Amino acid sequence: MIAAIKRARAVGIRQASYKQRVQRRLRVLHLVPRSSRGGIYRVVCELFEVLAHDRHVELQAALVTASGDESDFLFSGKHVVVAGTFPRKFVALWRLAGGYDLIHLHGFTPWQALACWLARKKMVYTNHGLLGTGRPLAPHEHVKLVLMKLFLRHAVHRIIHVSQFMQQRMTQEYGVSLAKSVVVHNCTRWQAQPPRFEPGAVWRLGFHGRFVSVKRIDRLLVVAALVSRQRTVEVVLVGEGPLQSKLEKQAGALGVMLHFVPYCAAAATAVSNFDVEIISSRDEALGLSALEAIQAGHPTFVFADGGGLLEIFAGCAEWFVCRDETEMSQKILRLADAEQRRQALRGLRRLQQRVNTRFSPQTFAAGYRRQYFATAGRQRSEAAA
């Protein structure tokens, strides 16, 4: 009898301990603006991957607009498609959000923000970039911007910026409080490949990412045209976006050979064939493509007005940062010199070491985990239990 009581008591203790562990696990719903191959979507995928087996945080994604190929990425089995008429989607998202401890937004759509606010849950917002960066605002976006500022100031509990540059820009332009702002840099899971520059008869200058205005791919084409005066050059663009036809016309006008490769989950293979990569963005939030390009092992160049991109190169390999297209083309051509090439590859190796520490998946996961628990009001010791 006594033995039976002890066994029952032991079982009860184990069950109570299990319930405490389950209760401590934070459930976070990510609201992804849309299913695409853009940087925001890929960053969310990285976060799902690095926290896939975390004992203290459980993630799920709500996709209001889906393309049907989410299983190619990391949302498989961890996403809910909110579909139907507008009233149905609004109510469905409102109810869905109510079942989680935190709501994590990666963009601002007024009706979606309202549905999450009505759920009365604490909200985290990642600042991947300001509205309209690199282009003029459309008339309806001026109203959206006002609503977005109010939402960030008064409804969101924590804003996570992907770079110090973005933190400074949003604080100045949107008037959000620094007290609820933190910086968590993006990461890449691409493994560092040996630095190299071994072009063939045709030098392949490349870029991978979205073909949108902030990326300023037009500057890449100008650099390619300048390099082509002394070398045979082909530009390879891996990705997709609304500016593709415009880029084709510009390349034709400049006499630059241009080749497009659709973005896919195995983009690393296509990127590894570049001889040089140019991330020509202006006021970039951070630049996931730059991190991946560095890890791919080929010389990677950016412009001095690249915004958050400069945080990757600062104090490490600033030779790759160029004032304008002329300077960039000259540096690329100087890679043909053996001594200059050795120095550039040493700088690239230092960049890879920096990426492996400051922009590592471990640092990325720890940063988000820490902010989730801080926002939820839980002790950090709970997360480390």
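Residues numbered from 1 in each chain as written. Predicted model: local features only at pLDDT ≥ 70, side-chain atom pairs only at ≥ 80, totals over all residues. Heavy atoms only, no water.

### Quick look at the packing of helix α7 (residues 217-227) against helix α8 (residues 244-254)
Contact geometry for α7 and α8: axes closest at 10 Å, N-to-C directions at 20°. Taken as axis vectors, α7 and α8 run roughly parallel relative to one another. Considering how the two elements wind past one another, α7 and α8 form a crossing that is right-handed. For the pair α7 and α8, contact is made by Ile-217, Asp-218, Leu-221, Val-222 and Ala-225 and by Leu-247, Gln-250, Ala-251 and Leu-254, respectively. Of the residues in the contact of α7 with α8, the class split is seven nonpolar, one polar and one charged. (Axes fitted to C-alpha atoms, helices over the stretch in contact; angles between N-to-C directions. Helix = DSSP H or I, 4+ residues; strand = E, 2+ residues; numbered from the N terminus. Parallel < 35°, antiparallel > 145°, perpendicular 65-115°, else oblique. Left-handed = near helix turned anticlockwise from the far one by under 90°. Contact = heavy atoms within 4.5 Å. Nonpolar A, V, L, I, M, F, W, Y, C, P; charged D, E, K, R; others polar.)

### Re unusual backbone geometry
Negative phi values dominate among residues other than glycine, just as trans dominates among peptide bonds. With phi around 60°, Arg-120 is a residue other than glycine that occupies positive phi space. Secondary-structure assignment places Arg-120 in the loop between α4 (110-118) and β5 (122-127). Located in the positive-phi region is Asp-283, a residue other than glycine, with phi close to 55°. Structurally, the position occupied by Asp-283 is in the loop between β11 (276-279) and α10 (288-296). Judged by its relative accessible area of 27%, Asp-283 is partly exposed. (Buried < 20%, exposed > 50% of the residue type's maximum accessible area, 1.4 Å probe, protein only.)

### Notes on the sheet that holds strand β7 (residues 181-183)
Pairing within the open sheet is parallel, and its seven strands lie in the order β3-β2-β1-β4-β5-β6-β7. Taken across any chain shown, the strands that pair with only one partner, and hence form the sheet edges, are β3 (79-81) and β7. Each adjacent strand pair in this sheet contributes to an overall mean axis angle of 25°, direction not counted. The sheet contact formed by strand β2 (residues 57-63) and β3 spans three bridges and is parallel. Bridging from a neighbouring strand, Ala-62 pairs with Val-80 of β3. (Pairing = 2+ DSSP bridges.)

### Some details on the confidence of the model for the chain
If pLDDT is low for a region, its predicted coordinates should not be looked at in detail. Averaged over every residue, the pLDDT of the chain is 88; the share at 70 or more is 87%. This stretch, residues 16-22, has a pLDDT under 50; its non-local contacts, to residues over four places away or in other chains, come to zero contacts. With pLDDT under 50 throughout, residues 381-385 is counted as low confidence; its partners more than four residues away or in other chains account for nine contacts. (pLDDT = per-residue confidence, 0-100.)

### Structural notes on the environment of Gly-175
On the secondary structure map, Gly-175 appears in the loop between α6 (164-174) and β7. Overall, the relative accessible area of 45% leaves Gly-175 in the partly exposed class. C-alpha of Gly-175 to C-alpha of Arg-153: the two residues are 22 residues apart in sequence and 7.4 Å apart in space. In contact with Gly-175, not counting residues within four places along its chain, are Arg-153 and Met-170.

### Description of the packing of α7 against helix α12 (residues 325-334)
For any two helices packed against each other, the geometry is given by the interaxial angle and the distance between the axes. Axis separation between α7 and α12 bottoms out at 9 Å; the angle between their running directions is 50°. Overall, the two elements α7 and α12 adopt an arrangement that is oblique. Here the hand of the crossing between α7 and α12 comes out right-handed. Residues Arg-219, Val-222, Val-223, Leu-226 and Val-227 of α7 form the contact with α12, whose participating residues are Glu-325, Thr-326, Met-328, Ser-329, Ile-332 and Leu-333. Partitioning the contact of α7 with α12 into residue classes produces seven nonpolar, two polar and two charged.

### Here's the deal with the sheet that holds strand β9 (residues 232-240)
Sheet architecture is open: six strands sit in the order β10-β9-β8-β11-β12-β13, paired in parallel fashion. Where the open sheet ends on each side, the last strands, each with one partner, are β10 (257-261) and β13 (321-322). In this sheet, strand β12 (residues 300-303) lies alongside β11 in parallel orientation, the contact comprising three bridges. For Glu-277, the partnering residue across the bridge sits in β12 and is Thr-300. Sitting on the sheet, α8 is in contact with β9 and β10, with an inclination near 160° to β10. Packed on one face of the sheet, α12 meets β8 (202-210), β11, β12 and β13 and runs near 165° to β12.

### Re the side chain of His-30
Along the chain, His-30 turns up in strand β1 (residues 26-32). Exposure remark for His-30: the relative accessible area of 0% places this residue in the buried category. Side chain to side chain, His-30 and Tyr-372 meet in a polar contact 3.0 Å long. Excluding residues within four positions of it along the chain, His-30 makes contact with Val-44, Leu-47, Phe-48, Leu-59, Gln-60, Ala-61, Ala-62, His-104, His-106 and Tyr-372. (Polar contact = N/O pair within 3.5 Å; in protein donor to acceptor, adjacent residues only side chain to side chain.)

### So, the packing of aromatic side chains
All chains considered together, the criterion is met by eleven aromatic pairs. Plain terms: the ring middles of Phe-301 and Phe-320 are 5.3 Å apart, the flat faces sit at 70° to each other, and that makes the pair edge-to-face. Linking Phe-301 in strand β12 with Phe-320 in the loop between α11 (310-313) and β13, this pair joins segments that are 19 residues apart in sequence. On the basis of relative accessible area, Phe-301 is assigned to the buried category, the value being 0%. The structure contains a cluster of three or more aromatic residues connected by ring pairs, namely Phe-86, Phe-90 and Trp-111. Positioned above the aromatic ring of Tyr-100, the side-chain terminus of Arg-27 is 4.3 Å from the ring centre. A cation over a ring is seen here: Arg-120 above Trp-117, with NZ or CZ 4.2 Å from the ring centre. (Phe/Tyr/Trp six-rings, centres within 6.5 Å; stacked < 30°, edge-to-face > 60°. Lys NZ or Arg CZ within 6 Å of the ring centre and 35° of its normal.)

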